[in-house]
Amino acid sequence: MNTMKRSPVPTELRPERVYVTYDRREQRRLNLSPLPMVPATLQTADYGLLHMPNEAAVEWKYENDLISTLTSDRERWEKEVVRLLGYPCRAVVTSWTWDRIEAGDWQGDAKPNAIFGSLVGIVESGVPLIMAGSRERAERVISRLLYCAARRAYRDCRSMVLCALDDSEIPQQEAAL
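Quantities reported herein were computed from a predicted structural model and do not represent experimental measurements.

**Observations concerning the sheet that holds strand S4 (residues 56-61)**
Here is step 1 of the chain: The 6 strands lie next to each other as S2-S1-S3-S4-S5-S6, forming an open sheet whose pairing is mixed. Each having just a single partner strand, strand S2 (37-40) and strand S6 (129-131) make up the two edges of the open sheet. Going from strand to strand, the sheet's axes swing by 25° on average, the running direction of each strand aside.
Here is step 2 of the chain: Two elements, strand S1 (residues 20-23) and S2, share 4 bridges in a ladder whose sense is parallel. Bridge pairing links Tyr22 to Pro39 in S2.
Here is step 3 of the chain: In this fold helix H1 (residues 63-71) packs onto S4 and strand S5 (89-94), with an angle of close to 100° to the strand it touches most, S4.

Written out as structure tokens, the structure is:
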């Protein structure tokens, strides 16, 4: 007979239990499987976490969207970057590469140095910029990033819940942090 008390809270968070929200206005939605996806109207970013909305925000910029955002829609974009700073896990992910940016591999008048400088400015502001190089890699990066953010938050919350469920007396000594 097993007398070990089983925790009411699972030890780990399985990927199929991490629900991703995607902005319903997103025209080129990514496939983030194995994470299930739910449409929503997001105030910040294109992807987030349904049950932990304040934990993660990921902005996806596909080919032409990145260049037009950095040129003709710059004021709105700068506000978006500021909002991203409010999330513990945040990133801008694009299918571009630095080589393609430096080569000016797009149509339009935007100069490669100006786009390069704008991208470096995003990083300097405190928002990670991930140059995935392809849509498929961007999907893997965003899926993994959101799962890791959810897992970290889950572990933090799980510890607090287990402490609250523990019937033993709360230690009176000061915890070493």
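**Concerning the pattern of salt bridges**
Pairs can form between side chains of opposite charge whenever their charged atoms are close.
Here is step 1 of the chain: With the rule as written, the count across this model stands at 13 salt bridges.
Here is step 2 of the chain: For Arg76, the salt bridge is made with Asp73, and the minimal N-O distance between the two is 2.9 Å.
Here is step 3 of the chain: According to the relative accessible area criterion, Asp73 is partly exposed, its value standing at 31%.
Here is step 4 of the chain: Connected through salt bridges with shared partners, the residues Glu59, Lys61 and Asp65 form a single ionic network.

**Focus on the packing of H1 against helix H4 (residues 112-125)**
Here is step 1 of the chain: Where H1 contacts H4, the two axes come as close as 10 Å, and the packing angle between them is 85°. Here H1 is positioned roughly perpendicular relative to H4, judged by the angle of their axes. Side by side, H1 and H4 meet where Leu66, Ile67, Leu70 and Thr71 of the first sit next to Ile115, Ser118, Leu119 and Ile122 of the second.
Here is step 2 of the chain: The residue inventory of the contact of H1 with H4, partitioned by class, reads 6 nonpolar, 2 polar and no charged.

**Things to note about the packing of aromatic side chains**
Here is step 1 of the chain: The final tally for this structure, using the stated rule, is 2 aromatic pairs.
Here is step 2 of the chain: Residues Trp96 and Trp106 carry aromatic rings whose centres are separated by 5.8 Å and whose planes lie at 75° to one another, so their mutual orientation is edge-to-face. Remark: Trp106 occurs in the loop between helix H3 (98-103) and H4 and Trp96 occurs in the loop between S5 and H3; sequence separation between them is 10 residues. Each member of the pair, Trp96 together with Trp106, is buried.
Here is step 3 of the chain: With a centroid separation of 5.1 Å and 65° between ring planes, the pair formed by Trp98 and Phe116 is classed as edge-to-face.

Rules of the game
- Residues numbered from 1 in each chain as written.
- Predicted model: local features only at pLDDT ≥ 70, side-chain atom pairs only at ≥ 80, totals over all residues.
- Heavy atoms only, no water.
- Pairing = 2+ DSSP bridges.
- Helix = DSSP H or I, 4+ residues; strand = E, 2+ residues; numbered from the N terminus.
- Axes fitted to C-alpha atoms, helices over the stretch in contact; angles between N-to-C directions.
- Contact = heavy atoms within 4.5 Å.
- Salt bridge = Lys/Arg side-chain N within 4 Å of Asp/Glu carboxyl O.
- Buried < 20%, exposed > 50% of the residue type's maximum accessible area, 1.4 Å probe, protein only.
- Parallel < 35°, antiparallel > 145°, perpendicular 65-115°, else oblique.
- Nonpolar A, V, L, I, M, F, W, Y, C, P; charged D, E, K, R; others polar.
- Phe/Tyr/Trp six-rings, centres within 6.5 Å; stacked < 30°, edge-to-face > 60°.

Coordinates in, geometry out; function isn't part of it.
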